[in-house]
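Per-entry structural report
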Amino acid sequence: MSNIDPVPGYQTHNQPSRPDRSVRQQTATRRTALTVCTIVDIAAGLLGLWILLFLLDANQANVFVEFVRGTADWLAWWAQDIFTMDTEGLRVALNYGLPAAMYLLIGHGIAARLNRA
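Quantities reported herein were computed from a predicted structural model and do not represent experimental measurements.

Cut-offs used in this document
- Residues numbered from 1 in each chain as written.
- Predicted model: local features only at pLDDT ≥ 70, side-chain atom pairs only at ≥ 80, totals over all residues.
- Heavy atoms only, no water.
- pLDDT = per-residue confidence, 0-100.
- Helix = DSSP H or I, 4+ residues; strand = E, 2+ residues; numbered from the N terminus.
- Phe/Tyr/Trp six-rings, centres within 6.5 Å; stacked < 30°, edge-to-face > 60°.
- Buried < 20%, exposed > 50% of the residue type's maximum accessible area, 1.4 Å probe, protein only.
- Core = buried A, V, L, I, M, F, W, Y, C linked by side-chain atoms within 4.5 Å.
- Contact = heavy atoms within 4.5 Å.
- Salt bridge = Lys/Arg side-chain N within 4 Å of Asp/Glu carboxyl O.

Let's talk about the confidence of the model for the protein chain
Low pLDDT means the predicted coordinates in that region are not meant to be read closely. Per-residue confidence for the protein chain gives a mean pLDDT of 87; residues scoring 70 or more make up 82%. In the model of the protein chain, helix H1 (residues 21-55) stands out as the element of lowest mean pLDDT, 93, in contrast to helix H2 (residues 63-75), which has the highest, 96.

Description of the packing of aromatic side chains
Aromatic ring pairs are described here by two measures, namely the spacing of the ring centres and the angle between the planes. This model, assessed by the stated rule, comprises three aromatic pairs. Arranged with centres 6.4 Å apart and planes meeting at 75°, the rings of Trp-50 and Tyr-96 form a pair that is edge-to-face. One end of the pair, Trp-50, is in helix H1; the other, Tyr-96, is in helix H3 (residues 88-116), and 46 residues separate them in sequence. With a relative accessible area of 4%, Tyr-96 lands in the buried category. Ring geometry for Trp-78 versus Tyr-103: centroids 6.4 Å apart, planes at 75°, classification edge-to-face. Of this pair, Trp-78 sits in the loop between H2 and H3 while Tyr-103 sits in helix H3, and the two are 25 residues apart along the sequence. Three or more aromatic residues link up through ring pairs in this structure, and these residues are Trp-50, Phe-54 and Tyr-96.

What to know about the nonpolar core
Counting 16 residues, the largest nonpolar core has Leu-47, Trp-50, Leu-53, Val-65, Ala-72, Leu-75 and Tyr-96 as its most contacted members. At the level of secondary structure, the elements contributing two or more residues to this core comprise H1, H2 and H3. The leading source of residues in this core is H1, at seven residues. When near neighbours in sequence (up to four residues on either side) are disregarded, Val-65 contacts Trp-50, Leu-53, Ala-58, Asn-59 and Gln-60.

Focus on the pattern of salt bridges
Throughout the structure, instances matching the rule amount to three salt bridges. Ionic pairing is found between Arg-91 and Asp-81, a salt bridge with its closest N-O pair at 3.7 Å. Here the residue Arg-91 occupies a position in helix H3, and Asp-81 occupies one in the loop between H2 and H3, the gap between them amounting to ten residues. For Arg-91, a relative accessible area of 17% puts it in the buried group. The partner of Arg-91 in a salt bridge is Glu-88, and the shortest N-O contact between them spans 2.4 Å. One end of the pair, Arg-91, and the other, Glu-88, are both in helix H3, three residues apart, so they sit about a helical turn from each other. Residue Glu-88 is classed as partly exposed on the basis of its relative accessible area, which comes to 38%. When salt bridges that share partners are traced, they join Asp-81, Glu-88 and Arg-91 into one network.

In structure tokens, the structure reads:
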């Protein structure tokens, strides 16, 4: 007598009815790592978008541009005026690019560590 499932998709008698605890914990850890990656990617994307809008001389009175600038200011509050350059575009690129790079490095490092656990 063989233990082959005659109808695919149905549970056989020797399969566990629920995934064991380690599989559920691993799935939760991977979802947490994915959430961390998503958040830091969005944050870095907004910072990069502000740099791009500034360098392209976007209309500062536009609602979308104001939103992106406000969000970028909030995300990069700790790095404001680290670099004081004569060229305004270079100053914005460095003062907002540094936090974007830091968020990506730290966030993806945390996610990698979670995935290894």
